[in-house]
Each structure stands twice: as structure tokens, then as C-alpha cells.
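Take a look at the letters that make up each chain.
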Amino acid sequence: MKQDDAKGTLPPGPDPSPNLDLDQSWGFRLRHASRLRLDALDFTDLWEEGELGLDISEEEDEEGQEDNEAGSVAGEQEGGGVITQAQNLPPLPPPPPLAPPPPPPCTNGTPLPSKGQTLRLHWREVLCLPVLPRVSRFGPESIWAGLEPVSIDTGQLELLFQSKSSSLGSVKSQQPRPQCVSVLCVKRSNIVTIALSRLPPPHLIAHAIVAMDTCVLDREDIQRLQALVPSEEELTLIKEAQRKSPCSPLASAELCLLTLGSVPNLRPRLELWAFTLDYDTLEREIAEPLFHLKLAMEQLASNKTFRCILATVLAIGNFLNGRKAKGFELGYLGQLAQVRDTASRRPLLHHTCCILLDCFPHCSDLHSEISAVSRASKCDYSQVQSSLAQLELHCQAAREQLRVLEAGPVRMGVADFLQESEERLAVLRAVHRRVINRFHSFLLFLGYCRGTVREMEPGQFCKSVSDFALEYRAAQLNVLQQRQRHTHPRASTHTPPPAKVSPCPSVALQQHRQMEAVLSTPEPSPRLDLSLPRPRSKRREDSGSVPRRLKC
């Protein structure tokens, strides 16, 4: 019996007929999918996606891409979460001998006409789109096959990214690079550097702390930042070193502490934020990351802004490289902010935002539409698998300990609890395996080769996309602000303050007379109010005066 189907929790559905088309087969599988629910988390749209055969070599993968039948996907094997090569398939016919093609002028793509020399984008081209599974959640074609063409101004790009002469480059290469200013001790610098590798860029952290933006920082990030709160002595040393060497950039650790020090009341803010985010349960630690990953794949696959960005970057890169690549690995999106044109020294991400705002004005900032990707980037999916294994060990140990209990209501209640726990554990195992299989299918949909799919970790992939979305949102906001300043310039005229108007002479004379009348009025004689409290101290009085004690 399969581990997923214990106690009838996950009844297997019949396989669709091979004569059904893709849409009918997909609907057939959804109708027979098991009801997978974990409290409020719904996984009912997960189905037994076929094995992808990720253990084949790259040579076999290339041969399989030439033959659609060789890239068919077998069903998921029973009782395991490891993706293996499909079995019980007919042997593949040997490929026909290929005649040696004539030597092309370039081997990495189709050359495009270019009048001048431009900068090159050193990305890894998708030369051949991978074969997707026969029945896939994301459709029968790769995302690159359905991108809309983008019209770009090649003349402007050629001017912006014109390659400088070799003599100028040699002069620049001879100039020594300025050394970074570092004043922290080695131990403190290493702690800050390690924490920075798991945090968003420093210039985005300060605003996220002030706004308490959980899309940028989560509970673990706040805990790391609490250990990085700079002291007054550290801030003084950094500012003094920056004042002495204004032309030298700060090291990454010093720059991070200086940025954090600019946030007012940093420690109280972090403590308050951490208090509002403290929650933890073992089952949700396993189920929530998987649910975030499932939603992240759906959001990216259906997001129009993401597709427009890919199409724009592909068009720019093909022109600059003089190639005709079908796609590129998404890891290059993080390099768009580092590539700058040679004319205005603006990053390529800035020009990408300008083209998108002109060609696709309906596009959003991307980050607000892929919140599940940001949440999935904070998850450690290797820890999820480890937590699942630990939960299984705890359930087995509890089953062994149940034998020492005497028969009675207590044993019956514990047995019912363990039975329910094992059923939920079976659902967790099925959800984990199916989500990971879908993630591998999603990477093939994005154009990754099978060798990269085997090594790609879900959290690493989501973090790269989330970091790019943050950078894109900041760049788009900067472009919009620049255009708004050019469209509505500020008024340079300064309105002087209103002058004080002196009152009318007749009004001033009347006020003067009223004041004289008040001052000339005699003050009334004081009267003794017996209802008011009087001091208790005794004063010496002459004989014949008023009695010391007055009776009411």
C-alpha cells in the first residue's frame, strides 16, 4: 500500500485515457484529485504529476529534445518522494545520423545586424527549449514560446551602450581602485557580513523597518537585525573614518551599520515588530512553506508584468549581443542593476523600466503582485524536509510508547489522537512530494535545463526573483518621480508673508478709553468668606480684637 493512501485518506484516481487531449486530460485529473487540506491551507489542486526523468545525462537530454516522444513523462512512483527516471517505457529508437552542418559565423545564437560595437550581456542563453511533460499545470509550451515581441529603439540603445575604445579602457584599468574604509574588528565584520548574505539590500532595509513592511523582512530577518544594532561607539568610528576619507567607499559591514544607525529608535522598533510576529507550530512550519511555493509558481506563471519584463530584457540583450537567443536564465535579472551604459552611466534596469512604461503602461511594480514569492524566499526547504522526517520519528516513538499504557479510556484517547496524527502526516508527505515535483516542472517551463533543475533549491530561486522584484519596484518609482518632476516643475517664486495691518485710529482710541475706565474703577473692599478654608496656624492678636475662633 502506498504511504499516501493509508486509511483511505488519499484514494488513487484512475489515469486518463491516452486518447484525451490536453485540456480534457487536465480536467479529468482535477476531478479525480484527492481532497488535500491542512486546516485553512488548500492543496486540492495538486495531482500526481509525472516523473520528469531528471537523472538522465545532458547528452540524452539533448537527444530527447529533438524527439517529442522521448520527452514524455511517466507517472509518479509509489511510496517515495525522489524523482527517478520513468520505467516500463518502450526503448528509444537510435537517432538518425546527422550530416555535419556548415560552420556558422557564431555558435551561441543567430547573429543580428549591429552597426557599432556595444556592450555585451554575459548571460547563459536558452538555445533549445526543453520538452515539457505531456500533462502539465503550466501548459504545453515554455514561457519563452508565448512572449510578445517588444519594439525597442535600437539606435538609442546603441548610443547608450556604445563600447568605449581600447585605449580608454587601458587608461581606466591602470587606475588603482580605491580601498574600502573598514574600522570594525574582524569578528564583528564577519558577523555583519554573514547576516547581510541572508538579508535584502541594505538600502531597502531602513525603509522596511520604518514602515514595518513584512514583504521585505520577516521574523528571522528581524532577529538577525537585532544582533546587528550598532552602538554609539561604532557609529562614531564609522563617521569619523568617512570624514577622514570622503573619497573612499565604506566596506559592506560599515555601510550596513551606518544605514541601520540612520533609523531613529532602532532597537525599540525591532523589539515591537518582533513581538507582533511571534508564532510557531510544527505542522504549519511544514505546510506553510509548501503552500507559499505553490502560490509563488502560480503567481509567476500568470503574471503579465513578469512576462513583459522577460520580453523586454530579451529584446535588449539580443540587440546588444548581436544574437537571436530564445531566452536566458532568470538569474541574470539580478545583474541588470549592475550593468551601466557608457553615455549616462545609468543602469540597464533603469532603461528597462523606461521601455516598459512606454510600451506596456498597464504593467505594475511586480513586487506587489508576487507576495507569495517573497514569502517563499524566506523559507528553508531543506529544513522543511528535515522537520517532516523528525515528525515521522516522533509519531513512531509515540506509537511504541502507547504499549505501556493499560487498557482504558486514556489509551483509547491517545490511540485516536495518534491515528489522526498519522493521517495528517500522510497528507503532509503527499503534499511535500507533489509540490516539489511541480516545482521541477515549473523550472522546465521557465527554460532551465534538466541538470540545473536537479540542483536548484526552491528558496534560492524564489529569493533571486524576490530581490529582483524589490530592485525593479525601486527603479520604477525613481523613473516615475523623475518624469513627474519634468512634467510639473516646482514654482520658483516665493510668496512673502502677509504684512501686519495696523488697526484703525478710531478703533485704537476706543480700546484706550476702555482700558482707562477699567484702571480707574476702585477695587471693592474685601469680604470674609466663611465657606473658604483658613490656615490652622495660630497668630498672636491684640486684646479686644476679633475672637480667634468663629462658630458657624
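Residues numbered from 1 in each chain as written. Predicted model: local features only at pLDDT ≥ 70, side-chain atom pairs only at ≥ 80, totals over all residues. Heavy atoms only, no water.

## Details of the confidence of the model for the chain
Basically, it comes down to this: Confidence scores per residue from the predictor, reported as pLDDT, run from 0 to 100. Think of it this way: any DSSP run of H or I at least four residues long counts as a helix, any run of E at least two long counts as a strand, and we number them from the N terminus. Residue contacts are counted whenever heavy atoms from the two residues lie within 4.5 Å of one another.
In this model, the chain carries an average pLDDT of 74, and 64% of its residues clear a pLDDT of 70 or more. The lowest-confidence element of the chain is helix α4 (residues 166-174), averaging 47 in pLDDT; the highest-confidence one is helix α12 (residues 304-321), averaging 94. Across residues 64-93 the pLDDT falls below 50, and counting only partners more than four positions away or on other chains, this stretch makes 50 contacts in the model.

## Points about the nonpolar core
What counts is decided by this rule: In these notes, a set of buried Ala, Val, Leu, Ile, Met, Phe, Trp, Tyr and Cys residues joined through side-chain atoms within 4.5 Å is what counts as a nonpolar core. Any residue under 20% of the maximum accessible area for its type is buried, any over 50% is exposed, and the rest in between are partly exposed; the area is computed with a 1.4 Å probe on protein chains only.
Formed by 86 residues in total, the largest nonpolar core has its most connected members in Phe43 and Phe461. Mapped onto this core, the elements with two or more residues apiece are α3 (154-160), α11 (282-302), α12, α13 (348-359), α14 (371-377), α15 (381-401), α16 (409-445) and α18 (458-487). Sorting elements by how many residues they give to this core places α12 first, with 11 residues. Beyond its immediate stretch of four places on either side in the chain, Phe461 contacts Leu300, Leu330, Phe439, Phe442, Leu443, Leu446, Tyr448 and Met456. Within the second largest apolar cluster, 32 residues are counted, among which are Ala208, Cys256, Leu260 and Leu277.

## Considerations on the packing of aromatic side chains
Put simply, the rule is: Each pair of aromatic rings taken from Phe, Tyr and Trp, with Trp reduced to its six-membered ring, is defined by centres within 6.5 Å and is described as stacked if the planes are under 30 degrees apart, edge-to-face if over 60, and tilted in the remaining cases.
By the definition in use, this model includes 11 aromatic pairs. Centre to centre, the rings of Phe138 and Phe442 are 5.1 Å apart; their planes meet at 55°, and the pair counts as tilted. With Phe138 in the loop between α2 (58-66) and α3 and Phe442 in helix α16, this residue pair connects regions lying 304 residues apart in the sequence. Its relative accessible area of 12% is what places Phe138 among the buried residues. Exposure remark for Phe442: the relative accessible area of 0% places this residue in the buried category.

## Focus on the environment of His362
Along the chain, the position of His362 falls in the loop between α13 and α14. A relative accessible area of 56% means that His362 is categorised as exposed.

## Observations regarding the packing of α13 against α18
Stated formally: Here, axes are lines fitted to C-alpha atoms. For helices the fit covers the stretch in contact, and angles between N-to-C directions go from 0 to 180 degrees. These descriptions rest on fixed angle ranges, namely under 35 degrees for roughly parallel, over 145 for roughly antiparallel, 65 to 115 for roughly perpendicular, and the rest for oblique. Two helices cross in a left-handed way if the nearer one is turned anticlockwise from the farther one by less than a right angle. They cross in a right-handed way if the turn is clockwise. Three classes are used: nonpolar for Ala, Val, Leu, Ile, Met, Phe, Trp, Tyr, Cys and Pro, charged for Asp, Glu, Lys and Arg, and polar for all others, with Gly counted as polar.
The interhelical angle for the contact between α13 and α18, taken along N-to-C directions, is 65°, at an axis separation of 9 Å. In terms of axis orientation, α13 runs roughly perpendicular to α18. The interaxial crossing formed by α13 with α18 has right-handed handedness. Residues Leu349, His350, Cys353, Cys354, Leu356, Leu357 and Asp358 of α13 touch α18, and the partners they reach there are Phe468, Glu471, Tyr472, Ala475, Gln476, Val479, Leu480, Gln482 and Arg483. For the contact of α13 with α18, the residue count by class is 10 nonpolar, three polar and three charged.

## Observations concerning the packing of α12 against α13
It is at 10 Å that the axes of α12 and α13 come closest, and there the two elements cross at 120°. Here α13 runs oblique to α12, going by the angle between their axes. Pair α12 / α13 crosses with right-handed handedness. Across from Cys308, Ile309, Thr312, Val313 and Ile316 in α12, the residues of α13 making contact are Leu348, Thr352, Ile355 and Leu356. Classifying every residue of the contact of α12 with α13 gives seven nonpolar, two polar and no charged.

## Some remarks on unusual backbone geometry
Glycine aside, residues mostly have negative phi, and peptide bonds are mostly found in the trans state. Positive phi, close to 60°, is recorded for Arg345, a residue that is not glycine. Looking at Arg345, the relative accessible area reads 49%, which means it is partly exposed. Positive phi outside glycine occurs at Leu366, with the angle close to 70°. Among the structural elements, Leu366 can be located in the loop between α13 and α14.

## A look at the side chain of His292
Structurally, His292 can be placed in helix α11. For His292, a relative accessible area of 15% puts it in the buried group. Setting aside residues no more than four positions away along its own chain, His292 makes contact with Ala372, Arg375, Ala376 and Cys379.

## As for helix α7 (residues 219-226)
Defined as follows: Throughout, the arc means that of the directions going from the helix axis to the C-beta atoms.
For α7, the complete set of buried residues consists of Asp221, Ile222 and Leu225. Buried residues along α7 cover an arc of 100° about the axis, so they all sit on one side.

## Regarding the pattern of salt bridges
For side chains bearing opposite charge, pairing can occur when the charged atoms are close. Just so we agree on the cut-off: The term salt bridge refers to a side-chain nitrogen of Lys or Arg lying within 4 Å of a carboxyl oxygen of Asp or Glu.
The full count for this structure, using the stated rule, is 11 salt bridges. Glu329 is the salt-bridge partner of Arg124, the closest N and O atoms lying 3.9 Å from each other. With a gap of 205 residues between them, Arg124 in the loop between α2 and α3 and Glu329 in the loop between α12 and α13 connect regions that are remote in the sequence. We classify Arg124 as exposed; its relative accessible area is 56%. Asp467 is the salt-bridge partner of Lys463, the closest N and O atoms lying 2.9 Å from each other. Of this pair, Lys463 and Asp467 are both found in helix α18, four residues apart, which corresponds to roughly one turn of the helix. What makes Lys463 partly exposed here is its relative accessible area of 25%. Take Asp467: its relative accessible area is 22%, and that puts it in the partly exposed class. Residues joined by salt bridges that share partners form a network here, namely Glu220, Asp221, Arg224 and Lys378.

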